[in-house]
Amino acid sequence: DVKVTQSSRYLVKRTGEKVFLECVQDMDHENMFWYRQDPGLGLRLIYFSYDVKMKEKGDIPEGYSVSREKKERFSLILESASTNQTSMYLCASSLSLLAGSYEQYFGPGTRLTVT
Amino acid sequence: DAKTTQPPSMDCAEGRAANLPCNHSTISGNEYVYWYRQIHSQGPQYIIHGLKNNETNEMASLIITEDRKSSTLILPHATLRDTAVYYCIVSMEYGNKLVFGAGTILRVKS
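None of the values given here were measured: they were computed from a predicted structure.

## Looking at the overall build of chain B
Counting secondary structure elements, chain B contains zero helices and nine strands. Overall, chain B shows an N-to-C arrangement of helices and strands of β-β-β-β-β-β-β-β-β. For chain B, the C-alpha radius of gyration of 13 Å lies close to 13 Å, the compact-globule estimate for 110 residues. For chain B, the spread of C-alpha atoms along the three principal axes comes to 40 × 30 × 25 Å.

As structure tokens, then:
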């Protein structure tokens, strides 16, 4: 089974702190994604990556950056956390388009609270 | 702009078929229909996808109308563990750029 793990289930940070959310997948997937989920707004794509050191902006990249130095790891960075970034953050991975894959595998999520 | 429309909630008796509808009247010819579900406190889980033919796998069946403007996800024998939010998503990027709406809350009751 594909496993996507996220570094924390719950995280509390203060306004202005730099926050790192880590995601690791164990199935050699090329694609990785970061979403946030908020009540009434559904899941929204923040950033995604098709390969190591490559990244693409999603629908709501403002206030976030990402890093993918290794194929299995995709980090989401909040340079200066703000209260409006309090949310559930979900990481996902999938095989490459060439592999004909259509399925994204999601991690359990990190509930981040910024106070 | 919402690309899909789903009822906010549905109830289903345990052991019966659950039929979840989705309207996607603006779907284009190269867009797929995907279904995911999210059980409480977990990440979303892929269920099934289709382009124009009906599809079936071990979890569910997907029925797409001939004009492709709507579809129905069928869970043939719903169990209490199928209680979840079900998302119908339209995407042409091989499932990579998924836009999740509000979904349908399915409650399976004993």
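What follows continues from the structure just given.
## Describing the state of the cysteines
Under the definition given, this model contains two disulfides over all chains. Here A:Cys23 is linked by a disulfide to A:Cys91, with a sulfur-sulfur distance of 1.8 Å. Handedness of the A:Cys23-A:Cys91 disulfide follows from its S-S torsion of about -75 degrees: it is left-handed. With A:Cys23 in strand S3 (residues 19-25) and A:Cys91 in strand S9 (residues 87-94), the pair connects residues that are 68 residues apart, well separated along the chain. Exposure remark for A:Cys23: the relative accessible area of 0% places this residue in the buried category. For A:Cys91, a relative accessible area of 0% corresponds to the buried category. The disulfide partner of B:Cys22 is B:Cys88, and the S-S distance across this bridge is 2.1 Å. Handedness here is read from the sign of the S-S torsion; for B:Cys22 and B:Cys88, about -85 degrees, the answer is left-handed.

## What to know about the interface of chain A and chain B
Counting residues at the interface gives 21 residues for chain A, matched by 20 residues for chain B. For the pair chain A and chain B, the summed buried surface comes to about 1,600 Å²; carbon and sulfur atoms form 54% of the total. Put simply, chain A and chain B have four residue pairs in polar contact (both at pLDDT 80 or more) between them. In terms of residues, the side of chain A that touches chain B owes the most to one element, strand S4 (residues 31-38) of chain A, which gives four residues.

Rules used in this analysis
Residues numbered from 1 in each chain as written. Chains lettered and ligands numbered in written order. Predicted model: local features only at pLDDT ≥ 70, side-chain atom pairs only at ≥ 80, totals over all residues. Heavy atoms only, no water. Helix = DSSP H or I, 4+ residues; strand = E, 2+ residues; numbered from the N terminus. Rg over C-alpha atoms; globule rule 2.2 N^0.38 Å. Disulfide = S-S within 2.5 Å. Buried < 20%, exposed > 50% of the residue type's maximum accessible area, 1.4 Å probe, protein only. Contact = heavy atoms within 4.5 Å. Buried area = accessible area lost by both parts, 1.4 Å probe. Polar contact = N/O pair within 3.5 Å; in protein donor to acceptor, adjacent residues only side chain to side chain.

Function-wise, these values are silent; they only describe arrangement.
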